[in-house]
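Chain residues, written in single-letter form:
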Amino acid sequence: MTSTAGARFAALRWSSVNTAASSNIRDETLVRAAQDGDRVAFGQLYQRYVRMVHGILLARVPTAAAEDLVHDVFLQALRSLAAMREVSRFGPWLAAIARNRATDFHRRTQPNDSLDAQPGTAEALENPQRQIAIEDSIALLNAVCGLPDVYRETLVMRFVEGMTGPEIAAHTGLTHGSVRVNLHRGVQMLREKWQRCESPAEKEKGS
Amino acid sequence: MKNDYLWDGSGEPDPELQRIEKSLGRFRYSGKPSEFPTADSLQPKPSHFAFFTSSWTPRFAAATLFIVALIASGLFLHRSPTEFSNTPAWEVARLSGSPRVGDFSLASDSSKAQLRVGQVMVTDNSSRASLNVAEVGEIYVDPGSRVRLVESGSNRNRLALELGTIHAAIWAPPGEFVVDTPSATAVDLGCAYTLHVNDDGSGTLRTTLGWVGFHKDGHDSFIPAGAMSMTRPVQGPGIPYFEDASEKLRTAVHAFDFEPLSGADREQALRTILAQARRRDAFTLWHLLARVNAAERPQVYDRLASLVTPPANVTREGTLALDPQMMDAWWNAFDLGDISVWRFWEQKQAPPLLKKAAR
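All values reported here derive from a predicted model rather than from experimental measurement.

## Topic: the overall build of chain B
1) Next: Check the secondary structure of chain B and you find eleven helices and 18 strands.
2) Next: Within chain B, buried positions represent 37% of all 359 residues.
3) Next: Restricting the contact set of chain B to residue pairs at least 6 apart, pairs at least 24 apart contribute 44%.

## Here's the deal with the overall build of chain A
1) Next: Across its full length, chain A carries eleven helices and zero strands.
2) Next: In chain A, the order of α-helices and β-strands from amino to carboxyl end is α-α-α-α-α-α-α-α-α-α-α.
3) Next: Residue burial in chain A is summarised as follows: out of 207 residues, 42% are buried.

## Some thoughts on the nonpolar core
1) Next: By size, the foremost hydrophobic cluster in this structure holds 138 residues, and its most contacted members are V53 and L57 of chain A together with V92, V212 and I273 of chain B.
2) Next: Non-local contacts of V92 of chain B, meaning those with residues more than four positions away in its chain, are made with V101, L106, K112, A113, Q114, L115, M121, A129 and L131 of chain B.

## As for the interface of chain A and chain B
Accessible area lost upon the coming together of the parts is a frequently used measure of interface size.
1) Next: At the junction of the two partners, chain A supplies 51 residues and chain B supplies 35 residues.
2) Next: Going through the elements one at a time, α3 (39-58), α4 (63-80), α5 (90-108), α7 (128-145), α8 (149-160), α9 (165-172) and α10 (176-196) of chain A are the ones with two or more residues in the side of chain A that touches chain B.
3) Next: Of the residues contributing to the side of chain A that touches chain B, the split by class is 25 nonpolar, 13 polar and 13 charged.

## With respect to helix α2 (residues 15-24) of chain B
Residue and element names in this part refer to chain B.
1) Next: Along α2, the residues that are buried comprise I20, S23 and L24. Along α2, the residues classed as buried sweep out an arc of 85 degrees about the axis, all on the same side. For α2, the exposed residues set more than 90 degrees away from the buried face come down to P15, Q18 and K22.

## Quick word on the confidence of the model for chain B
Residues and elements named next belong to chain B.
1) Next: Summing up the model confidence of chain B, the mean pLDDT is 82 and the portion of residues at 70 or higher is 80%.
2) Next: Note that pLDDT drops below 50 for residues 39-85; the model gives that stretch 45 contacts with residues more than four away or on any other chain.
3) Next: Counting interchain partners and residues more than four positions distant, the pLDDT-below-50 stretch residues 352-359 has three contacts.
4) Next: Taken over the whole predicted complex, pTM reads 0.53, whereas the ipTM for its chain interfaces reads 0.78.

## Here we look at the environment of S108 of chain B
Residues and elements named next belong to chain B.
1) Next: Position of S108 among the secondary structure elements: in the loop between β3 (104-105) and β4 (112-115).
2) Next: Among the residues examined, S108 registers 13 C-beta atoms within 10 Å and is labelled partly exposed.
3) Next: Residues S108 and R94 lie 14 residues apart in sequence; the distance between their C-alpha atoms is 7.9 Å.

## Some remarks on the packing of α8 of chain A against α10 of chain A
Residue and element names in this part refer to chain A.
1) Next: Running from N to C, α8 and α10 point in directions that differ by 95 degrees, and their axes come no closer than 8 Å. The pairing of α8 with α10 is recorded here as roughly perpendicular in orientation. Of the residues in α10, those touching α8 at V150, Y151, T154, L155 and R158 are V179, N182, L183, R185, G186, M189 and L190.
2) Next: Its residues assigned to classes, the contact of α8 with α10 comprises seven nonpolar, three polar and two charged.

## Topic: unusual backbone geometry
All names here are of chain B.
1) Next: Of note, the phi angle at N313 is positive, near 65 degrees, even though the residue is not glycine.
2) Next: Here N313 is to be found in the loop between α7 (297-307) and α8 (316-320).
3) Next: For L322, which is not a glycine, the phi torsion comes out positive at approximately 55 degrees.
4) Next: You can see L322 is positioned in the loop between α8 and α9 (324-333).

Reading guide: rules and limits
Residues numbered from 1 in each chain as written. Chains lettered and ligands numbered in written order. Predicted model: local features only at pLDDT ≥ 70, side-chain atom pairs only at ≥ 80, totals over all residues. Helix = DSSP H or I, 4+ residues; strand = E, 2+ residues; numbered from the N terminus. Buried ≥ 20, exposed ≤ 12 C-beta atoms within 10 Å, placed from the backbone. Contact = placed C-beta atoms within 7 Å. Core = buried A, V, L, I, M, F, W, Y, C linked by C-beta atoms within 7 Å. Nonpolar A, V, L, I, M, F, W, Y, C, P; charged D, E, K, R; others polar. Arc of directions from axis to C-beta. pLDDT = per-residue confidence, 0-100. Axes fitted to C-alpha atoms, helices over the stretch in contact; angles between N-to-C directions. Parallel < 35°, antiparallel > 145°, perpendicular 65-115°, else oblique.

Here it is as structure tokens:
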């Protein structure tokens, strides 16, 4: 990425003027500024898209790895940003990098690694009730991650990251119709799956 | 609208969805905002094409507006309007020699052009080029190749490799990038691969990363990283195998797939495949199950089950009857890719009436 001192100065000045109202700034504007070397603009893109990236990763890799890979994805995006042509498609472009990074993660790790990393294990040991709740959450997340790609990605963004349907559509480039279909079919498949597999907590209560 | 709570959180809250939100919300991203390096400190990172050859380093020099305008105007002067569409074009960059797009030759170092639906790109024996779409991936085209863009859109991208060799690295979601050849269709399932087509329409597919579906007329072959499959115009894709499998296994698979064998020779080829198969070659036996006759199938099953423990709910009888769910469970047990991705793609390809019947 190359930028002249003048362009850099202009970008920094742009940032100082516009940061406060950044929520109204279009992605294209932020992407172009980031391409000119404006790290504040890139930071704004990070804030906008970090939930989507984490959601895509969490749907594919273990919980702990997903957090680590978020930074990798944005770093790779920063490196490749100068070559990006369709600046209005930043979200789908970033989503593709995240999916690719998840694939790469699996290529480099052992096939037996499980998706159900154990978040909050230490606190769970001190509080059995909390441990049951955590086990339930892990089982539920695993059930979601067992769905086909298109559904699990959308469900993780909706239920884990708290994104709305319109937000998912705007970020990923999917149509509203596709997101609606993914949400409804995904929830339906999750219900069927969940009913078939009794959660660990239920087993605990039943025994 | 009903179910708006699921859509955007508005409307009557659904208690079950709220429970899911609460339970899964604990996994929400909690990382601190990242700090990113300055532009100057960013070193160029090797492309994930590095596993091909170093001379393939992408050369995306900026094309001048003049050349693009010249190419565009030339195309429209020499082609009928029906040959073009408003769908997104693929960007072509010259890597060496003088690759041609339609009637135009890309001769200078910084030459670029666009490949539109219906157009053909040709490389002669001294030319190489790359094709690129930001959201889909990059394709490198070797000398002596002929590539047609069949379809280009947000969720569907299709090339036809009529002759020669392409190397693809695809980051679009699985199933969105497809390459037709005269004897089989390659469906990207999240991967990088090399596809070659000979003059007679036969070909080979080698997967470098992820996995690829290779199919024709009900013959499906799934080719994971490190494996390859041959294809012939009449028979379609053959049984895939890892390239580090024994020479005897590879020769026997080739004979079994494509050579006119006598009964005894066929039996010998089958015996060799089974005897030579390692645990890693279980996926080759999985393909073999569907291509042997009912009398041959039990020995293939027994060898497969001796290499890999049958998955839960999979029975010998069911496998011998090629029960679709059991066959899918077997495939997933190899940990080479989730077969539901393929099933989802298959479902999308089915004609509307078939889809309705499937429901």
